[in-house]
Amino acid sequence: MLLSETAENIKKMEIRGAGRIARAAVEALADFARNLDVSDPETFKREMQGAAGVLTATRPTAVSLPNAVRYVMRALDSFESVEAAREATLSRAAEFIEHSEHAVEWIAEIGARHISDGDVLLTHCNSEAALGCILEAHRQGKEIEVYATEVRPRGQGLITIRTLNEAGIRTNYIIDSAVRYFINDVDLVIVGADAIAVNGAVVNKIGTAQIAHAANEARTNVIVAAETYKFAPRTILGEKIEIEERDPAEVLPREEAERLPFVRVRNPAFDVTPAEYIDLIITERGAIPPELAYTVIRDYLGWRIEEFR
């Protein structure tokens, strides 16, 4: 079944990137609704809620996942029959996927305006949105150079440099801990986000906060490129975004770890960059300072105060 396969692939990071994760989850939810053979509307809703729960449990940090699932599941707020519920679910799923696919294009167009001819950029991890801005600037004929980090321990930076190389963009591939060494050669840092809190703080791949701190010290601007569905509504209540810790074997092979009984491997997948280290957040709706993150949650995600009970 596509649902269980998708959930497993998201959990194992076979499907990576918040946007790709969100679209994959919505496609799996639509497939589940399409093939759900029940006659009672309440049973349909209950089964869909179970499927939604399976998907949202896979990656606790990427709020794009629950936001995407919630968008589709709102089709079940009011319905009269199974077929009406199924049709509404499939329609909202298609709407989300179409918007998500175009969102990266719109972000790229806006983000490229903030990249100047001759700029040296630094990016971290493999962000579809951040890369879109860089690629669009290159397509516009701007002469740019990029520093791309290795991204330990999973090496997502290798995907990034392959993309940049295919586009013909001059790229420097550096280890994560070399960022401070090269930051004075960089004009602009551009990264993606897995989640953005109501106060403008950004949750992204581990290492982002250190990069932003180094950039702040060097007076280098930091831009975050992120779709609106990566904003985290429940942070309005003061809830913290859960930071996922992954398998220690990604860092240290189990055989080696077994020989080191007093060593505990910590492997957080993300960190939190304070809003004061971020100059601009580029969304598909426009560019905002991090202080206006709340307006995205209110105006574009449509969360109402009564939903925060």
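Rules used in this analysis
Residues numbered from 1 in each chain as written. Predicted model: local features only at pLDDT ≥ 70, side-chain atom pairs only at ≥ 80, totals over all residues. Heavy atoms only, no water. Helix = DSSP H or I, 4+ residues; strand = E, 2+ residues; numbered from the N terminus. Rg over C-alpha atoms; globule rule 2.2 N^0.38 Å. Buried < 20%, exposed > 50% of the residue type's maximum accessible area, 1.4 Å probe, protein only. Phe/Tyr/Trp six-rings, centres within 6.5 Å; stacked < 30°, edge-to-face > 60°. Polar contact = N/O pair within 3.5 Å; in protein donor to acceptor, adjacent residues only side chain to side chain. Contact = heavy atoms within 4.5 Å. Core = buried A, V, L, I, M, F, W, Y, C linked by side-chain atoms within 4.5 Å. Pairing = 2+ DSSP bridges. Right-handed = clockwise from strand over helix to strand, strands pointing away.

Draft legend 1. Representation of the overall build of the protein chain. Across its full length, the protein chain carries eleven helices and ten strands. Against the globule reference of 19 Å for 309 residues, the protein chain gives a C-alpha radius of gyration of 20 Å, in line with a compact fold. Expressed as lengths along the three principal axes of its C-alpha atoms, the size of the protein chain is roughly 65 × 55 × 40 Å. Out of the 309 residues in the protein chain, the part that is buried amounts to 51%.

Draft legend 2. Just the packing of aromatic side chains, in detail. Within the structure shown, the criterion is met by four aromatic pairs. An angle of 35° between the planes, with centres 5.1 Å apart, marks the rings of tyrosine 147 and phenylalanine 182 as tilted. A residue pair is termed long-range when its members are at least 10 positions apart, and tyrosine 147 in strand E2 (residues 145–149) and phenylalanine 182 in helix H8 (residues 179–182) qualify at 35 residues. Joined through ring pairs, the aromatic side chains of Tyr71, Phe96 and Tyr229 make up one cluster.

Draft legend 3. Representation of the side chain of serine 127 within the structure. Tracing the backbone through its elements, the reader meets serine 127 in the loop between strand E1 (120–123) and helix H6 (128–139). Serine 127 gets classed as buried once you look at its relative accessible area, which sits at 12%. Side-chain polar atoms of serine 127 contact the backbone nitrogen of alanine 129, separated by 3.4 Å. Looking at serine 127, its side chain comes within polar contact range of the main-chain nitrogen of alanine 130, at 3.0 Å. Residue contacts for serine 127: discarding those within four places in its chain leaves Val191, Gly192 and Ala225.

Draft legend 4. Expanded view of the nonpolar core. Counting 58 residues, the largest nonpolar core has Leu29, Phe44, Met48, Val189, Ile196, Val224 and Phe231 as the members making the most contacts within it. For this core, the element with the highest residue contribution is helix H2 (residues 18–35), accounting for ten residues. If sequence neighbours within four positions are ignored, phenylalanine 231 has contacts with Val63, Asn67, Ile196, Ile281, Thr283, Ile288, Ala293, Val296, Ile297 and Leu301.

Draft legend 5. Representation of the pairing of strand E3 (residues 170–174) in the model. Looking at chain direction, E2 and E3 are connected through five bridges and run parallel. Its bridge partner lying in E3, threonine 149 is registered against isoleucine 174. Taking the sense of rotation as the criterion, the β-α-β connection linking E2, helix H7 (residues 157–166) and E3 turns out right-handed.

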